[in-house]
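If you want the building blocks of each chain, they are given just below.
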Amino acid sequence: MKLLCVHPGPLMYTRVFLRLEPLGLELVAGAARDAGHDVRLIDLQAENPRAFHRMLRAWRPDALCFSGNYLANVPEIVDLARAARAVLPDCLIIVGGHSVSFIARDVLAHAEGAIDCVLRGEGEAAIAPLLACGRGAGLAGVPGAVTAAGEGPPPRFVERLDAVRPARDLLHHRRRYFIGTLDPCASIEFARGCPWDCTFCSAWTFYGRSYRTADPEWIADELARLREPGVFIVDDVAFVHERHGMAIADAIERRGIRKQYYLETRADVLLRNKEVFRRWRGLGLEYMFLGLEAIDAERLKLFRKRVTLDDSFAALEFARSLGVMVAINIIADPSWDRARFAAVRAWCMEIPEIVNLSVTTPYPGTEIWPEQQAKLTTRDYRLFDIQHAVLPTTLPLDEFYTELVETQRILSRKHLGWAALRDTLGIAAARLARGQTNFVRMLWKFNSVYDARQQLADHARPVRYELSCPAPAPAIGADKRALFIHQPPGRRARALDDATERFVDATRGA
Ligand code: B12
Ligand code: SF4
């Protein structure tokens with residue numbers, strides 16, 4: 001079968017700061033290819049939509065699959081599916097990925113027949129059986145499949161994270177992927193899932209609070225195959241398990257692999273596994289992203305972050321001592337007034353780190369979704385990108401955006417524009433000499449993408465597809481299972497040793 005895999009276009013954040021290879025879609029493509037299918041891939045983050053329409057007409061795929069990790073991409077995916085259906089009436093059209101897994105029925109309804117199936121959960125596990133069914137009646141029996149005719153059994157986990165190689169060779173413009181000075185940059189997965197349970201996050205509900213690791217030798221082999229000098233580690237929380245981090249380091253050293261790395265982790269994990277992070281600094285760790293989320297104890301508790309403020313600050317100190325570039329995330333609440341924005345700005349300007357501000361957003365699959373959906377001021381998917389306010393703001397909305405964008409602009413001066421170029425002159429020159437322009441272009445893009453008036457105007461766009469809100473649920477707690485895509489498989493699916501498990505439990509207050 002001829003299968004075309006498509007990743008939708010970039011969202012705001014990606015238009016400025018980074019562009020990364022669609023690893024999940026590459027895995028789905030890899031699994032389909034292993035099953036004998038003829039597979040092609042288009043990433044609209046890096047390619048013009050015309051490439052998609054040309055490919056439809058020239059290659060005429062038998063099946064088309066879209067990656068729906070981001071809620072804000074849903075309207076674009078539905079429109080692309082409708083356009084494809086008009087050209088190829090018999091094509092099997094599938095959508096999968098993180099966000100669409102939580103809203104499968106809505107996606108089918110929006111598409112009015114243009115989408116045959118939403119495949120919930122991990123795609124590499126089910127893509128081959130799904131393609132084997134074609135558009136036939138068996139489709140509704142595949143684990144994770146949701147079709148107009150019915151639903152299959154619950155999605156299954158892949159047996160091993162290292163069973164399928166991502167089809168990296170199918171990406172057309174590998175040099176377009178970058179993050180900061182890691183230009184070009186490839187992505188890799190060391191571990192999947194998260195054993196914590198923050199209220200605003202759906203990473204743990206998607207994977208049923210499981211945590212699985214890939215084989216260290218396999219990871220080193222995959223790294224050795226990468227041509228890119230930069231590597232983005234996509235794990236939700238890197239190096240939860242000290243022994244795994246050390247085993248990968250051993251395998252990398254044995255092979256003499258030298259790369260520059262970016263990772264994301266938690267403050268408490270960083271403090272607990274200092275030796276792993278120190279060792280990785282020596283191996284080429286350049287950037288570290290810490291999801292601090294709040295700088296007051298009350299909100300940390302509200303988010304159920306299970307990290308104290310003292311730990312957050314101690315982690316920052318330790319990260320600084322490593323000499324890596326640290327980025328932190330703070331969640332801007334719609335209740336923030338001018339004084340609060342000013343206080344956050346003042347704090348952020350005192351620290352050397354890159355600060356990212358995201359806006360509280362109740363996503364389907366999070367605990368705050370059933371709690372807050374009744375308050376939503378909009379149900380336009382495109383605004384659910386954590387850069388727009390979808391809940392009522394204390395300040396008038398235009399003033400909220402003015403404060404937000406001004407704060408982001410002031411904070412971004414630390415790592416964008418002339419000042420950043422001055423600090424990174426050698427690196428910038430080296431990248432340009434190799435024909436890599438992503439990093440240098442990024443330094444001046446902020447003002448063309450982040451604009452308070454534009455963000456306000458985004459709320460006034462005509463809306464064709466809206467999130468549906470089921471009746472408000474009672475406070476979550478009684479039935480957390482309803483949130484999960486992959487049902488919690490229990491301790492056996494948590495690749496943690498006893499010490500790590502005890503640490504996770506302790507931070508979870510268990
Ligand atoms: C790495 C990552 C990023 C990276 C890379 C994104 C990329 N291009 O791939 C970067 C840093 C760029 C990023 C950015 C953002 N991210 Co992000 N990201 C993640 C993270 C941590 C892991 C994703 C990943 O690569 N996982 C590993 C791969 C192997 O898994 P996967 O992609 O999920 O794919 C599997 C399944 O989803 C499925 N699948 C995927 N595609 C398809 C397609 C088909 C047909 C099928 C059948 C199955 C399928 O099968 C795959 C294999 O099992 C997730 C959290 C999470 N755990 O999912 C958040 C997450 C997806 N991101 C999120 C958000 C909010 C963002 C931003 C909007 C944040 C911002 N500051 O603006 C931006 C938007 C970026 C954009 N698209 O323009 C939210 C999504 C919320 C939502 N419901 O929309 C998540 C869930 C984080 C969270 N805790 O809330 N992100
Ligand atoms: S630790 Fe990170 S990935 Fe895990 S639940 Fe919290 S925010 Fe999500």
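Just above, that's the structure.
Residues numbered from 1 in each chain as written. Chains lettered and ligands numbered in written order. Predicted model: local features only at pLDDT ≥ 70, side-chain atom pairs only at ≥ 80, totals over all residues.

1. A short note on unusual backbone geometry
In step 1: Looking along the chain, the bond that leaves Asp183 and enters Pro184 is cis, with omega of 5°.
In step 2: Turning to its location among the elements, Pro184 is positioned in the loop between strand E9 (178-179) and strand E10 (185-188).
In step 3: The phi dihedral of Arg60 is positive, around 50°, even though this residue is not glycine.
In step 4: A positive phi angle, close to 75°, is found at Glu293, a residue other than glycine.
In step 5: Mapped onto the elements of the fold, Glu293 is located in strand E15 (residues 285-293).
In step 6: Taking the C-beta count within 10 Å as the criterion, Glu293 has 22 such neighbours and is therefore assigned buried. (Helix = DSSP H or I, 4+ residues; strand = E, 2+ residues; numbered from the N terminus. Buried ≥ 20, exposed ≤ 12 C-beta atoms within 10 Å, placed from the backbone.)

2. Focus: the sheet that holds strand E5 (residues 92-96)
In step 1: Read from one edge to the other, the open sheet built from seven strands follows the order E3-E1-E4-E5-E6-E7-E8, with strand pairing classed as mixed. Sheet topology places strand E3 (38-43) and strand E8 (150-151) at the edges, where each strand pairs with a single neighbour.
In step 2: Bridging between E5 and strand E6 (residues 117-119) involves three bridges; their strand directions are parallel. Counterpart to Ile94 in the pairing with E6 is Cys117.
In step 3: Across the face of the sheet, helix H3 (residues 49-59) comes into contact with strand E1 (2-7) and E3 while running at roughly 160° to E3. (Pairing = 2+ DSSP bridges. Contact = placed C-beta atoms within 7 Å. Axes fitted to C-alpha atoms, helices over the stretch in contact; angles between N-to-C directions.)

3. Some points on the site of ligand 1
In step 1: Neighbouring ligand 1 are 38 residues, the closest being Tyr13, Thr14, Gly24, Gly96 and Gly123.
In step 2: Elements with a minimum of two residues in the shell around ligand 1: helix H1 (12-16), helix H2 (23-34), strand E4 (63-67), E5, helix H5 (98-102) and helix H7 (123-133).
In step 3: For the shell around ligand 1, the leading source of residues is H2, giving five residues.
In step 4: Class assignment of the residues belonging to the shell around ligand 1 gives a composition of 21 nonpolar, 12 polar and five charged. (Near = placed C-beta within 6 Å. Nonpolar A, V, L, I, M, F, W, Y, C, P; charged D, E, K, R; others polar.)

4. Side note on the site of ligand 2
In step 1: In the vicinity of ligand 2, the contacting residues are Cys194, Trp196, Asp197, Cys198, Cys201, Ala203, Trp204, Asp236, Val237, Arg266 and Gly291.
In step 2: Here the residues of the shell around ligand 2 are counted per class, giving seven nonpolar, one polar and three charged.

5. Some remarks on the packing of helix H9 (residues 216-225) against helix H10 (residues 242-255)
In step 1: The geometry of H9 relative to H10 is characterised by a closest axis approach of 8 Å and an angle of 45° between their N-to-C directions. As summarised for this structure, H9 and H10 are arranged oblique, according to the angle between their axes. For H9 against H10, the interelement crossing comes out right-handed. Across the interface between the two elements, Pro216, Glu217, Ile219, Ala220, Leu223 and Ala224 from H9 touch His244, Ala247, Ile248, Ala251, Ile252 and Arg255 from H10. (Parallel < 35°, antiparallel > 145°, perpendicular 65-115°, else oblique. Left-handed = near helix turned anticlockwise from the far one by under 90°.)

6. Here's the deal with the sheet that holds E15
In step 1: Strand order across the open sheet formed by six strands is E10-E13-E14-E15-E16-E17, with parallel pairing between neighbours. Either end of the sheet is taken by a strand with one partner, and the two such strands are E10 and strand E17 (354-359). When strand polarity is set aside, the average angle formed by the axes of neighbouring strands in this sheet is 20°.
In step 2: As paired strands, strand E16 (residues 325-332) and E17 are joined by six bridges and run parallel to one another. Directly across from Ala327, in E17, lies its bridge partner Ile354.

7. A closer look at the environment of Pro22
In step 1: Examined against the element boundaries, Pro22 turns out to sit in the loop between strand E2 (18-19) and H2.
In step 2: Exposure remark for Pro22: the 26 C-beta atoms within 10 Å place this residue in the buried category.
In step 3: Not counting residues within four places of it along the chain, the set of residues in contact with Pro22 comprises His7, Asp43 and Ser67.

8. Details of the packing of H10 against helix H12 (residues 274-283)
In step 1: Put simply, H10 and H12 touch, their axes get as near as 10 Å, and they point 25° apart. On the basis of the axis angle, H10 is roughly parallel to H12. Of the two possible hands of crossing, H10 and H12 adopt the one that is left-handed. Residues Glu242, Gly245, Met246, Ala249 and Ile252 of H10 form the contact with H12, whose participating residues are Val276, Arg279, Trp280 and Leu283.
In step 2: Residues belonging to the contact of H10 with H12 are distributed by class as follows: six nonpolar, one polar and two charged.

Nothing here speaks to function; it is geometry throughout.
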